[in-house]
Amino acid sequence: MEKYKNVNGIELNYEGHKNDVHSQLLKETVREGLKILDIPDKTSLRQHHQAIKVCKEFFELNFESIKQILDWLDIKVKIIVESELDISGQSTERLVNVCKKLGADTYISGIGGKRYLDEKLFKNNNVNLQYQNYTPISYNQNLSKSFIPDLSIVDLLFNEGTDGSQEILKNSTVSYS
């Protein structure tokens, strides 16, 4: 099995059993990625490398976009890439392990997490689980006759600019349950 290194030199390697759930998920993800890339021969190692390269480039573009948006909004936070923390576990266990590794006593989830998070696992590990109660913030959308909620922060920035976006976010309220 080939090994890959991320930009910080951390080795990425997966050697799961052919019937292992994670192995199957990884194979399914690669298959779907190849479909998206419209690569006909799904057994070609070169094409698999191309798919991995495209995924890596997408991650890097997304990561840089997030950093730029934080800069435009003057939000100063430290960004930690979870894959570089050497964390084990799956699903809620993995989230709890990230919290413990970082010394966090609270985990904030979107309200949809109520459908799948194991709340007892957080409680048993002394991590306070809170759900964000999100209410869309209305703002002027130049190309729409009426406000369309739940679009990305990019829509807010395009319509209101950095100063307007900062002001809207500063005057918004967030509640947790």
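Calculation notes
Residues numbered from 1 in each chain as written. Predicted model: local features only at pLDDT ≥ 70, side-chain atom pairs only at ≥ 80, totals over all residues. Heavy atoms only, no water. Salt bridge = Lys/Arg side-chain N within 4 Å of Asp/Glu carboxyl O. Helix = DSSP H or I, 4+ residues; strand = E, 2+ residues; numbered from the N terminus. Buried < 20%, exposed > 50% of the residue type's maximum accessible area, 1.4 Å probe, protein only. Pairing = 2+ DSSP bridges. Right-handed = clockwise from strand over helix to strand, strands pointing away. Expected span 1.5 Å × (residues − 1). 1 Å grid on protein atoms, 1.4 Å probe; cavity = no way out; pocket = protein on both sides within 12 Å on 5 of 7 lines; lining within 4 Å. Points joined across faces, edges and corners; volume = space filled by probe spheres on them.

Notes on the pattern of salt bridges
No. 1: Throughout the structure, instances matching the rule amount to four salt bridges.
No. 2: Close ionic contact of glutamate 167 with lysine 170 constitutes a salt bridge, the shortest N to O distance being 3.8 Å. Taken together, the positions of glutamate 167 and lysine 170, both in helix 5 (residues 153-170) and three residues apart, correspond to about one turn of that helix.
No. 3: Given the relative accessible area of 39%, glutamate 167 is considered partly exposed.
No. 4: Among the residues examined, lysine 170 registers a relative accessible area of 60% and is labelled exposed.

Remarks on the pairing of strand 4 (residues 128-133)
On any regular strand, side chains alternate: one points to one face of the sheet, the next to the other face.
No. 1: Both strand 3 (residues 106-110) and strand 4 contribute to a ladder of five bridges, which runs parallel. The residue of strand 4 that forms the bridge with isoleucine 108 is glutamine 130.
No. 2: In this view, the connection linking strand 3 to its parallel neighbour strand 4 by way of helix 4 (residues 119-124) has right-handed handedness.
No. 3: Pairing of strand 4 with strand 5 (residues 175-176), which is carried by two bridges, proceeds in the antiparallel orientation. Looking across to strand 5, one finds that glutamine 132 is bridged to tyrosine 176.

Some remarks on helix 3 (residues 91-102)
No. 1: Over its twelve residues, helix 3 runs 17 Å from end to end, which matches the ideal 16 Å to within 8%, given 1.5 Å per residue.
No. 2: Taken together, the buried positions of helix 3 are occupied by Thr92, Val96, Asn97, Val98 and Cys99.

Looking at the layout of surface pockets
Here the idea is plain: a probe the size of a water molecule rolls over the atoms and shows the empty space left.
No. 1: When its volume is computed, the second largest pocket comes out at roughly 400 Å³.
No. 2: If you go around the second largest pocket, you meet 19 residues; those closest to its centre are Tyr134, Thr135, Ile137, Ile153 and Leu169.
No. 3: Among the secondary structure elements, those contributing two or more residues to the lining of the second largest pocket are strand 4 and helix 5.
No. 4: Ranked by residues supplied to the lining of the second largest pocket, first place goes to helix 5 with four residues.

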